[in-house]
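Structure assessment
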Amino acid sequence: MLSFAHTHLFLLFLFTVHLIPTTPMGEERPPQDQGQVQGQGKSRKRVIPVPPTEDPDPDPITEAYGYCNTPDRSEQAWEGHSPVDYKLLSVQVMIRHGDRYPLYAIPKTKRPAIDCTLSPKRKPSHPQLKSFIGHMAQGGHGRWEGTLSSLPRLPNHSACEMGELTQTGVVQHLRNGQLLRQAYKRHKLLPPDWSTKQVWVETTGRSRTLQSGMALLYGFLPDFDWSRLTVHHQWSTLFCGSACDCPARNPYLEEEQRRQYRLRAADTELERTYADMARTLGLPPRQLRAANPIDSLLCHLCHGLSFPCVSAGSALGSGGCLTLAQFAVIRRQQLEDEVDRRRVGLYRRYAVLAMHPYLNRTANRLERVAKAYAPGRKPRAGEEVFTLSSAHDVTVAPLLSALGLEEALFPRFAARVVFELWKSPHATQGPRKGQQQSQNKASGVKGERSKGGNMFVRVLYNGEDVTFHTTFCRSHDRHATQPLCPLGNFLSFVRKDMFGVLNATSYHDACYRQTG
């Protein structure tokens, strides 16, 4: 059985074999196709985008470029959209770090030549990049938890180090922050004199996550006051805090690894492709596999660099270059693996146990804010209005799975998941009495105005509203007079319903019952 100390290393292996997105839930569409939203009139039309029909045979190369997430195009963000007169109370964000240098090198080939210093004159750039560089120089005035103070606040090597954030990665999150700033500006989410408690920022102990978090925060709050900011350290990539101990979790991951291995081993085209690549480089196929070449090839693709080549005289192999066709075969197998993973369901069980602690903290935060805005109470200024968790693909991927978003894109560079809490201007006609009492009890919000339910949650992934694709709100009638998802649905899901896939009723039950 994997120990928790080894979980992160294994997760890196598991997901660097699945580094590119799966079939998207939906493409960007112009606002006029989505119905009217806040600021566009009094219409109560739907505000949830409906995804188009999925491509049954996605092109591996096109999918790979989507994973790169090159910041050279405009993006439609649906954060901050709601029916008219609804009040935005809280926003909780989880991101994957931006574009990074490979974690692995392909033996006998030159490493990609990429400069990881920052320069506003080098593309891709951003209008805020110069001021961001200057602001990070003042970071000593902030509070950094644990060992975070020893990490560089900016990437700074002219020849990138393994896993280092690139300028592309910084620009990706400056854009993310700017998008969120524009989306929430009219809602006045944070007061100008926001307090330390109202803005919560947390990151793992990797420089690429810390720097990505700082870039997004700066795009969202330009020239923020360092003296008000505390950056918290999450030592686990699962962001599980004090609830990481779960003996039943890793066995599901081990089973998932065995499933993945069997599927790869049965793919004869993939085996031939690895053999051809190894012959070109003069390597044993096993050594090439261990070097995880897809990680480095993705970097070449994302940065427009030619694939690695070797001369016949410099290796025992035939010499030549690795090809886009070989890359496409590996990618094709990855896409097929994603389909098989969903069919088997082992990963979903792992994801529920892996991400419950984070989801539980998110639910508790939203509930505290909801209680603060309950009828008869004066809203307090000490609740977490904006939370930013800067993480990895091995964090965001299980989060999506735990929420039931099985068809979502695998987390691209700078992916973002956003939870929004909204308050309706009046109580709404809701579920039957018994069901509503259960929701009220789950939400902890009492009073006359809560009888119909006036607290609602939205979930967005890369700017796309996916609320009604989640397990907890899939059955909600999005065309009802109340087009948002009741907060009580989310709270009930996190505290009990999500464990149904494990035939359990609580996190403790799911973690310990089967292991005695």
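The structure displayed is predicted, hence computed values, not measured ones.

Parameters at a glance
Within each chain, residue numbers correspond to sequence positions counted from 1 in written order. In view of the model being predicted, local features appear only for residues whose pLDDT reaches at least 70, and side-chain atom pairs are presented and counted only at 80 or more, with totals across whole chains, interfaces and linings using the full set of residues. Calculation of side-chain values draws on the structure's entire complement of heavy atoms; hydrogens and water are dropped beforehand. By definition, any uninterrupted DSSP run of H or I lasting at least four residues is a helix, any uninterrupted run of E lasting at least two residues is a strand, and each is numbered from the N terminus. A simple rule labels every residue: compare its accessible area, found with a 1.4 Å probe on the protein chains alone, to the largest value its type can have, and call it buried under 20%, exposed over 50%, or partly exposed in between. By definition, residues are in contact when any of their heavy atoms lie within 4.5 Å. For the accessible areas, the method is Shrake-Rupley and the probe is 1.4 Å, while residue cover comes only from the protein chains on display. By definition, pLDDT measures how confident the predictor is in each residue, and it falls between 0 and 100. In this description, one arc is meant: the one made by directions from the helix axis to the C-beta atoms. Whether two strands pair comes down to DSSP finding at least two bridges between them. Among the buried residues, those of types Ala, Val, Leu, Ile, Met, Phe, Trp, Tyr and Cys that are joined through side-chain atoms within 4.5 Å form a nonpolar core. In this analysis, the expected span of each helix is defined as 1.5 Å times one less than the number of residues it contains. Angles here are taken between N-to-C directions and fall from 0 to 180 degrees, while the axes themselves are lines fitted to C-alpha atoms, restricted in helices to the stretch in contact. Each angle is binned into one of four classes, with values under 35 degrees roughly parallel, values over 145 roughly antiparallel, values of 65 to 115 roughly perpendicular, and all other values oblique. Each crossing gets its handedness from the near helix: less than a right angle anticlockwise from the far helix is left-handed, clockwise is right-handed. Classification of ring pairs rests on two measures: the distance between centres of Phe, Tyr or Trp rings, Trp counted by its six-membered ring, which must be within 6.5 Å, and the angle between planes, read as stacked under 30 degrees, edge-to-face over 60 and tilted in between. Only when the NZ atom of a Lys or the CZ atom of an Arg is both within 6 Å of the ring centre and within 35 degrees of the ring normal do we say a charge sits over the ring. The disulfide criterion used throughout: a pair of cysteine sulfur atoms within 2.5 Å. When the strands point away from the viewer, a crossover counts as right-handed if the path from the first strand over the helix to the second runs clockwise.

Summing up its helical and strand segments, the chain has 15 helices and 11 strands in all. When each of the 516 residues of the chain is scored for burial, the buried share is 59%. In the chain, of all internal contacts separated by at least 6 residues, the share reaching a separation of at least 24 is 83%. As displayed, the chain has an accessible area near 21,200 Å², and 52% of this comes from carbon and sulfur atoms.

Okay, the confidence of the model for the chain next. Residues at a pLDDT of 70 or more form 80% of the chain, whose mean pLDDT is 85. Predicted confidence is poor over residues 1-54, with pLDDT under 50, and the contacts of this stretch with residues over four places away or in other chains come to 175 contacts. pLDDT under 50 marks residues 429-452. Its contacts with residues more than four places away, or in other chains, come to 40 contacts.

Turning our attention to helix H2 (residues 60-68). Of the positions making up H2, those classed as buried are Pro60, Ile61, Glu63, Ala64, Tyr67 and Cys68. The arc that holds the buried residues of H2, viewed along the axis, is 160°, so those residues lie on one side. Along its buried surface, H2 packs onto strand S1 (87-96), helix H4 (167-184), helix H9 (293-302) and helix H10 (324-344). Following H2 by one or two positions, Asn69 has its phi on the positive side, about 60°.

Backbone torsion omega between Lys123 and Pro124 reads -5°, so that peptide bond is classified as cis. You can see Pro124 is positioned in the loop between S1 and helix H3 (129-136). Within the chain, Asn69 stands out as a residue other than glycine whose phi angle is a positive 60°. For Asn69, a relative accessible area of 10% gives the class buried.

A few words now on the pairing of S1. Most of S1 sits out of view: nine of its 10 residues are buried. The sheet contact formed by S1 and strand S8 (residues 416-423) spans eight bridges and is antiparallel. The residue of S8 that forms the bridge with Lys87 is Lys423. In this structure, S1 lies alongside strand S7 (residues 386-391), joined through six bridges in parallel fashion. Within S7, the residue paired with Val91 across the bridge is Phe386.

Residues Leu353, Leu359, Leu399, Leu403, Phe419, Phe472 and Phe490 are the most contacted members of the largest nonpolar core, which totals 59 residues. Elements with a minimum of two residues in this core: S1, helix H6 (249-265), helix H11 (346-372), helix H12 (393-402), S8, strand S9 (455-461), helix H14 (487-495) and helix H15 (507-512). Sorting elements by how many residues they give to this core places H11 first, with 14 residues. Residues within four places of Leu353 in sequence aside, it is in contact with Cys246, Ala248, Arg249, Tyr252, Leu502, Tyr507, Ala510 and Cys511. Membership of the second largest hydrophobic core comes to 45 residues, among which are Leu88, Val170, Ala183 and Leu216.

Its 17 residues give H6 an end-to-end C-alpha distance of 25 Å, which sits within 8% of 24 Å, the value for a rise of 1.5 Å per residue. Of the positions making up H6, those classed as buried are Arg249, Asn250, Tyr252, Leu253, Glu254, Glu256, Arg259, Gln260 and Arg264.

Turning our attention to the packing of H9 against H10. The interhelical angle for the contact between H9 and H10, taken along N-to-C directions, is 120°, at an axis separation of 11 Å. Regarding the angle of H9 to H10, the classification is oblique. Here H9 and H10 pass one another in a crossing that is left-handed. Across from Ile294, Leu297, Leu298 and Leu301 in H9, the residues of H10 making contact are Leu324, Phe327, Ile330 and Gln334.

Counted under the stated rule, the structure contains 12 aromatic pairs. Summarising the aromatic geometry, the rings of Phe419 and Phe490 are spaced 5.7 Å apart at their centres and angled 40° between planes, so their arrangement reads as tilted. Of the two residues, Phe419 is situated in strand S8 and Phe490 in helix H14; the sequence distance between them amounts to 71 residues. Residue Phe419 is classed as buried on the basis of its relative accessible area of 0%. On the basis of relative accessibility, which here comes to 0%, the residue Phe490 falls in the buried class. Ring pairing ties together the aromatic residues Phe132, Trp144, Tyr218, Phe224 and Trp226, which thus form one cluster. Seen from the ring of Trp194, Arg228 lies directly overhead, with NZ or CZ sitting 5.1 Å from the centre.

Counted according to the given criterion, the structure contains six disulfides. Between the sulfur atoms of Cys309 and its disulfide partner Cys321 the distance amounts to 1.8 Å. For the disulfide bridge between Cys309 and Cys321, the dihedral angle about the S-S bond is near 100°, and by the sign convention the bridge is right-handed. Here the residue Cys309 occupies a position in strand S5 (residues 309-310), and Cys321 occupies one in strand S6 (residues 320-321), the gap between them amounting to 12 residues.

A few words on the environment of Ser311. By the element assignment, Ser311 lies in the loop between S5 and S6. Separated by 30 residues in the primary sequence, Ser311 and Leu281 place their C-alpha atoms 8.7 Å from one another.

Glancing now at the pairing of strand S4 (residues 230-233). In terms of strand pairing, strand S2 (residues 143-144) meets S4 through two bridges, oriented parallel. Residue pairing for S4: Arg143 is matched across the bridge by Thr230. Handedness of the β-α-β unit built from strand S3 (residues 199-203), helix H5 (residues 207-220) and S4 comes out right-handed.

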